[in-house]
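Summary of structural features
Chain by chain, the residues run as shown.
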4 protein chains.
Amino acid sequence: MDEKAGSDLDDLMAAVRRFAEVRDWGQFHSPKNLVMALAGEVGELCDLFRWLTPEQSQRVMEATDEGRPVEDELADVLIYLLRLSDVLGVHLGKAALRKLEANELRYPVAKSRGNPRKYTELD
Amino acid sequence: MDEKAGSDLDDLMAAVRRFAEVRDWGQFHSPKNLVMALAGEVGELCDLFRWLTPEQSQRVMEATDEGRPVEDELADVLIYLLRLSDVLGVHLGKAALRKLEANELRYPVAKSRGNPRKYTELD
Amino acid sequence: MDEKAGSDLDDLMAAVRRFAEVRDWGQFHSPKNLVMALAGEVGELCDLFRWLTPEQSQRVMEATDEGRPVEDELADVLIYLLRLSDVLGVHLGKAALRKLEANELRYPVAKSRGNPRKYTELD
Amino acid sequence: MDEKAGSDLDDLMAAVRRFAEVRDWGQFHSPKNLVMALAGEVGELCDLFRWLTPEQSQRVMEATDEGRPVEDELADVLIYLLRLSDVLGVHLGKAALRKLEANELRYPVAKSRGNPRKYTELD
C-alpha cells in the first residue's frame with residue numbers, strides 16, 4: 001500500500017459501498033440492522049480485552065496472535081460505521097469535527113485536566 | 001467547513017489526540033478503557049434505534065430531534081475508535097482496506113449475492 | 001430437570017459462583033472485567049439478530065439451528081449478570097423489583113400506553 | 001421486602017410481563033428490538049465502569065453516588081433479559097443450568113484452573 005492509502009474517509013466509504021452493492025446487500029443494510037452489526041463487532045472487541053489488565057491491554061499489539069484479531073475488529077467497526085453513515089447520509093468526518101468543537105466547550109481545558117467527566121457533572 | 005474538512009483520517013486522529021493530550025487524559029486512555037467507552041457509545045446508538053422499525057430507521061435523519069443525536073453518536077464512535085487505534089499504534093484506514101480485501105475472498109460475489117452470511121457458513 | 005429447577009436466582013448465583021471458584025477464576029472476575037464479558041455476550045446476541053426482520057425475530061426459536069444459539073447466548077448473559085451482581089454484592093432480583101416499582105412512577109399507565117418513552121420525555 | 005422477594009425468576013418474569021402488557025408495549029417488544037434495548041443497557045454499564053481501574057471497580061458499591069446507578073443498570077439488564085426470554089418462550093433459568101453443565105465439559109477443572117480460556121483454545 002502506498003503511504004496515503006486508507007487515509008481518505010470518502011474513498012473508504014465508497015469502497016465499502018461498492019463491496020455491499022455488488023453483493024446486493026442493500027436489502028439487509030437498514031440503519032437499524034447496521035447498528036446491531038456495529039454492536040456485534042464492538043462486542044468482539046470487548047471479548048478480546050475482557051480478561052486483560054489495563055497494562056496488558058497496552059501491549060496487546062506486540063503478540064501477533066492477539067494483535068491481528070484486534071486490528072481486524074477495529075477494521076470491522078470502521079467498515080460498519082462507514083456503511084451506517086453512508087446509508088444515513090451523514091458525513092462521518094465532518095460530524096466528528098463538529099463534535100470535537102462542541103466538546104471543547106463541554107470539557108474546558110482548565111476544568112477537565114486530569115478529569116474525564118463532563119464539566120456539568122463536576123459540581 | 002471547507003469541502004474536504006473531516007475527510008482525512010490522519011488529520012482527525014491527530015485532532016482527537018490533541019484533544020486528549022491537552023486535558024492530560026492519557027492516564028485514562030488505556031486500550032481496555034477505550035474499548036469500554038466505545039461500547040458505551042454504541043449502546044447509545046442502540047438506544048436511539050431500538051424501538052424503530054427498519055423502515056422508520058431509514059428516515060431517522062429527516063427529523064431534526066432524532067437526526068442530530070444520531071449524528072452526534074456516530075461522531076462519538078469515530079472519535080473513540082480513532083483514539084483507540086492511536087494508542088494501539090494501528091492505522092485504522094489501512095486496516096480497513098486490508099479487511100475489505102480479505103472479505104473479497106470470504107464473501108465471493110457469486111456465492112454472497114443477496115446473502116450476508118460467510119461463504120463457509122453457507123454449506 | 002424438575003419443574004422448578006433453574007427458577008431460584010439465589011441457587012443459580014451460587015452455582016455460578018462455585019463454577020468460578022473451583023477454577024480459581026476470581027482473579028479475572030473484577031466487576032470491570034465482568035462488565036466487558038457481559039458486553040461481549042450481548043454482542044453475540046446482536047450478531048444473531050442483526051439481519052433478521054422484526055417478524056423473523058419472532059420466529060427465531062422455531063428453527064433448531066437458530067434457536068439453540070439464541071438460548072445459549074441468553075444463558076451466557078444471565079450467567080455473567082449473576083456473577084457480576086455476586087462480586088458487587090448486589091441482590092439482582094431485589095434490585096429488579098425496586099426498579100419495576102420506580103418505573104411505575106416514571107411510566108404512568110395513562111401516559112405510557114402505546115408509547116415506550118419516559119413520561120418526562122413526552123412533553 | 002421479605003427475605004425471598006425477588007428470588008423467583010418465574011415471578012419476576014411475570015411481573016415484567018404485566019408491566020409491559022398493561023402499557024400495551026407488546027407492539028414494540030419484538031425479540032430484535034429487545035436485543036437492542038439490552039445492548040443499550042449494557043452500554044450504560046460500560047459507561048459507569050470505563051474509567052475505573054479494576055481495583056476501583058471492586059469498590060464501586062461503597063459510594064452511594066456510584067453504587068445506586070450500577071444497581072439500577074443491573075436491574076435494567078435483568079428486566080430486558082427476562083422480557084426477551086419471555087417473548088422468545090425460553091426458560092432463562094433452565095437455559096442457564098444447561099449452559100453451566102455444558103461448560104463443565106468445555107472448561108474441565110484440571111485444565112481451566114487459573115485460565116479463563118476455553119479448553120479447545122489452550123492447545
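Residues numbered from 1 in each chain as written. Chains lettered and ligands numbered in written order. Predicted model: local features only at pLDDT ≥ 70, side-chain atom pairs only at ≥ 80, totals over all residues. Heavy atoms only, no water.

**Brief notes about the interface of chain B and chain A**
Every contact between the two is made by 73 residues of chain B and, on the other side, 73 residues of chain A. Of the roughly 6,400 Å² buried at the junction of chain B and chain A (both faces included), carbon and sulfur atoms supply 70%. For the pair chain B and chain A, the number of links is 10 salt bridges. The interface formed by chain B and chain A contains 34 residue pairs in polar contact (both at pLDDT 80 or more). Counting residues per element, the ones that place at least two in the side of chain B that touches chain A are helix H1 (9–22), helix H2 (31–49), helix H3 (54–58), helix H4 (64–88), helix H5 (92–106) and helix H6 (109–112) of chain B. Among the elements that make up the side of chain B that touches chain A, the one with the highest residue count is H4 of chain B (14 residues). Tallied by class, residues from the side of chain B that touches chain A come to 41 nonpolar, 14 polar and 18 charged. (Contact = heavy atoms within 4.5 Å. Buried area = accessible area lost by both parts, 1.4 Å probe. Salt bridge = Lys/Arg side-chain N within 4 Å of Asp/Glu carboxyl O. Polar contact = N/O pair within 3.5 Å; in protein donor to acceptor, adjacent residues only side chain to side chain. Helix = DSSP H or I, 4+ residues; strand = E, 2+ residues; numbered from the N terminus. Nonpolar A, V, L, I, M, F, W, Y, C, P; charged D, E, K, R; others polar.)

**What about the relation of the copies chain B and chain A?**
Mapping one chain copy onto the other needs a rotation about an axis and a shift along that axis. Least-squares fitting of chain B to chain A yields an RMSD of 0.0 Å, with the superposition described by an axial translation of 0.0 Å and a rotation of 180 degrees. The transformation relating the two chain copies, once decomposed into turn and shift, fits a two-fold axis. Taking C-alpha positions as reference, the residue of chain B nearest the rotation axis is Asp 8 of chain B, located at 2.4 Å. Here 100% of the contact residues of chain B are again contact residues in chain A; the copies associate through an equivalent surface. (Least-squares fit on C-alpha atoms with pLDDT ≥ 70 in both.)

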